[in-house]
Amino acid sequence: MDDSVVEHTLYVNRSVKVYRIPPRPAAGGHRSGEWRVADEIWTGRLRMISVGSNVEIQLEDVNSGELFAVCPFTPATQAVAVEPAADSSRYFVLRVEDPATKRHAFLGLGFSERGEAFDFNAAMADHARHCQRETIAQTAAAAPDGSSPVGSSVTAAANCDPAFAALYKDPGDLSLKEGQTIRIDVHKRPNSGGGGFLSRAAGGSGSGLTSPTDGSGKVLLPPPPVLSPPSSSVAQGSLSSPSNISAGGFQPATVVAQLQQQPQQQAPAAVTVAASEDNWATFD
């Protein structure tokens, strides 16, 4: 089947708004901020369909499918038929056309979400790239006979699109000839004097600190930390005295006897304050 008669649906949105817009200013383009709420004239479904390189944006009723307006364009006339608003990415200006009389008018188109407007733009861009690839393929297929199929396709594509010409440009012979050499200069990092941390820790010749060694070159270990004496009252009492521990080992009975002999501290007497009758207020 010929691809030119196949209808493709590029984009569908079930809820768009159409506005009556004022004439375009001399410069700056259309501004959606000037469209009033009272200028909204229609709400319905938008369908973008393509037949070959021709595209139509159809505004239809959601329930009945009745056609409200049509905006036809091709990739070459897309910039004129669909113009984005100058102050918002959710609004566009469509150039709608009457199929019978070919009369046209400009209407405002609004989307509820920015993501919907982005998908609308992406659908038009994808169709334009598809048409460009189709044109390149048709040009490559129409290459003259007698040449290499690959070479003719590349040449035709390069003649059609400058980007292909730059991509498939012949760079020439880049191989080394006999006797040719390549010299690569590798710049060393400047020496900071002493290497890294590990070399300095191992006693390197750097400017960092080195570990102490004895006369034979062996590394000396640091001395053990000094433990502070206990500060509790039990450690200062008779329990910590060496004389309380016999040569035979620890004797619990001796410790219990010493604890019973220690004077017990008396709890402070409770302070009582007698309430005086003079402190009470008298009422008449």
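These numbers come from a predicted model, not from an experiment.

1. What to know about the overall build of the protein
(1) Moving on: The secondary structure content of the protein amounts to seven helices and seven strands.
(2) Moving on: Reading the helices (α) and strands (β) of the protein from amino to carboxyl end gives β-β-β-β-α-β-β-β-α-α-α-α-α-α.
(3) Moving on: Across the protein, every contact between residues at least 6 apart in sequence was considered, and the portion connecting residues at least 24 apart equals 47%.
(4) Moving on: Carbon and sulfur atoms provide 56% of the accessible area of the protein, an area that totals close to 21,600 Å².

2. Here we look at helix α2 (residues 114-141)
(1) Moving on: Between the first and last C-alpha of α2 there are 41 Å, a value that for 28 residues agrees with the 40 Å anticipated at 1.5 Å per step.
(2) Moving on: Within α2, burial applies to Ala-117, Phe-120, Ala-123, Met-124, His-127, Cys-131, Ile-136 and Ala-140.

3. Some points on the packing of aromatic side chains
(1) Moving on: This model, assessed by the stated rule, comprises nine aromatic pairs.
(2) Moving on: Ring centres of Trp-42 and Phe-68 lie 4.9 Å apart, and the angle between their planes is 5°; on these two criteria the pair is classed as stacked. With a gap of 26 residues between them, Trp-42 in strand β2 (residues 40-51) and Phe-68 in strand β4 (residues 67-73) connect regions that are remote in the sequence.
(3) Moving on: Taken together through their ring pairs, the aromatic side chains of Tyr-11, Phe-92, Phe-111 and Phe-120 make up a single cluster.

4. Quick look at the side chain of Ser-32
(1) Moving on: Position of Ser-32 among the secondary structure elements: in the loop between β1 (7-20) and β2.
(2) Moving on: Under the relative-accessibility criterion, Ser-32 is labelled buried at 13%.
(3) Moving on: Not counting residues up to four positions away in its chain, the partners in contact with Ser-32 are Ala-85, Asp-87, Ser-88 and Tyr-91.

5. A few points about unusual backbone geometry
(1) Moving on: Positive phi outside glycine occurs at Lys-102, with the angle close to 65°.
(2) Moving on: One can find Lys-102 in the loop between β6 (91-97) and β7 (104-110).
(3) Moving on: Judged by its relative accessible area of 55%, Lys-102 is exposed.

6. Let's talk about the pairing of strand β3 (residues 54-60)
Working note: regular strand, side chains alternate between the two faces of the sheet.
(1) Moving on: Burial analysis of β3 places five of its seven residues in the buried class, the great majority of the element.
(2) Moving on: Pairing between β2 and β3: seven bridges, direction antiparallel. Within the sheet, the bridge partner assigned to Arg-45 lies in β3 and is Glu-60.
(3) Moving on: Both β3 and β4 contribute to a ladder of six bridges, which runs antiparallel. Across the sheet, residue Leu-59 finds its bridge partner in β4, namely Ala-69.
(4) Moving on: Linking two consecutive strands that pair antiparallel, namely β3 and β4, is a turn of six residues; a positive phi of about 75° is found at Gly-65 within it.

7. Side note on the confidence of the model for the protein
(1) Moving on: Counting all residues, the mean pLDDT for the protein is 75, and 58% of those residues have values of 70 or more.
(2) Moving on: Under a pLDDT of 50 for its full length, residues 146-151 has, in the predicted model, one contact with residues more than four places off or in other chains.
(3) Moving on: Low pLDDT, under 50, characterises residues 233-246; the predicted model gives this stretch 15 contacts beyond four residues in sequence or across chains.

8. Quick notes on the nonpolar core
(1) Moving on: Core analysis: the largest hydrophobic core is formed by 24 residues, its most contacted members being Ile-57, Val-82 and Phe-120.
(2) Moving on: Of all elements in the fold, only β1, β2, β3, β4, β6, β7 and α2 reach the threshold of two or more residues within this core.
(3) Moving on: Of all the elements, α2 adds the most residues to this core, at four residues.
(4) Moving on: Setting aside residues up to four positions removed in sequence, Phe-120 forms contacts with Tyr-11, Leu-46, Met-48, Ile-57, Val-82, Phe-92, Leu-109 and Phe-111.
(5) Moving on: In terms of nonpolar packing, the next biggest core, distinct from the first, is built from six residues, Ile-21, Trp-35, Ala-85 and Val-93 among them.

9. Section: a nonpolar patch on the surface
(1) Moving on: A contiguous nonpolar surface patch, about 480 Å² in accessible area, is contributed by Leu-176, Ile-182, Ile-184 and Val-186.
(2) Moving on: Mapped onto the elements, Val-186 comes out in the loop between α4 (162-167) and α5 (197-201).
(3) Moving on: The class of Val-186 is exposed, set by a relative accessible area of 70%.

10. Some details on the pattern of salt bridges
(1) Moving on: Inspection of the entire model under this criterion finds nine salt bridges.
(2) Moving on: Between Arg-47 and Glu-60 there is a salt bridge whose closest N-O contact spans 3.3 Å. You can see Arg-47 sitting in strand β2 and its partner Glu-60 sitting in strand β3, a full 13 residues away along the chain.
(3) Moving on: By relative accessible area, Glu-60 is classed as buried at 6%.
(4) Moving on: Ionic pairing is found between Arg-95 and Glu-97, a salt bridge with its closest N-O pair at 3.4 Å.
(5) Moving on: The exposure class assigned to Arg-95 is partly exposed, which follows from its relative accessible area of 22%.
(6) Moving on: One network of salt bridges, in which partners are shared, links Arg-45, Arg-47 and Glu-60.

The rules behind each value
Counting from 1, residues in each chain are numbered in the order their sequence is written. Whole-chain, interface and lining totals are the exception, using all residues; otherwise, since this is a predicted model, local features are given only for residues with pLDDT of at least 70 and side-chain atom pairs are given and counted only at 80 or more. Each side-chain value is worked out from all heavy atoms of the structure, with water and hydrogens disregarded. What counts as a helix is a DSSP run of H or I of at least four residues, what counts as a strand is a run of E of at least two, and both are numbered from the N terminus. Contacts are residue-level and defined by heavy atoms, with any inter-residue pair within 4.5 Å sufficient. Here the Shrake-Rupley method, with its probe set to 1.4 Å, supplies the accessible areas, and only the displayed protein chains count as covering residues. Multiply 1.5 Å by the residue count of a helix minus one, and that product is the helix's expected span. Three exposure classes are used, based on accessible area relative to the maximum for each residue type with a 1.4 Å probe and protein chains only: buried under 20%, partly exposed in between, and exposed over 50%. Side-chain rings of Phe, Tyr and Trp (the six-membered ring for Trp) are treated as a pair once their centres are within 6.5 Å; stacked means planes under 30 degrees apart, edge-to-face means over 60, and tilted covers the remaining angles. Here, strands pair whenever DSSP counts at least two bridges between them. The pLDDT score gives, residue by residue, the confidence of the prediction method on a 0 to 100 scale. What we call a nonpolar core is a set of buried Ala, Val, Leu, Ile, Met, Phe, Trp, Tyr and Cys residues that are connected through their side-chain atoms within 4.5 Å. Like-charged residues within 9 Å of one another, or nonpolar side chains (Val, Leu, Ile, Met, Phe, Trp, Tyr) within 5 Å, are grouped into patches, provided each residue has over 30% relative accessible area and no salt bridge. The working definition used for a salt bridge is a side-chain nitrogen of Lys or Arg within 4 Å of a carboxyl oxygen of Asp or Glu.

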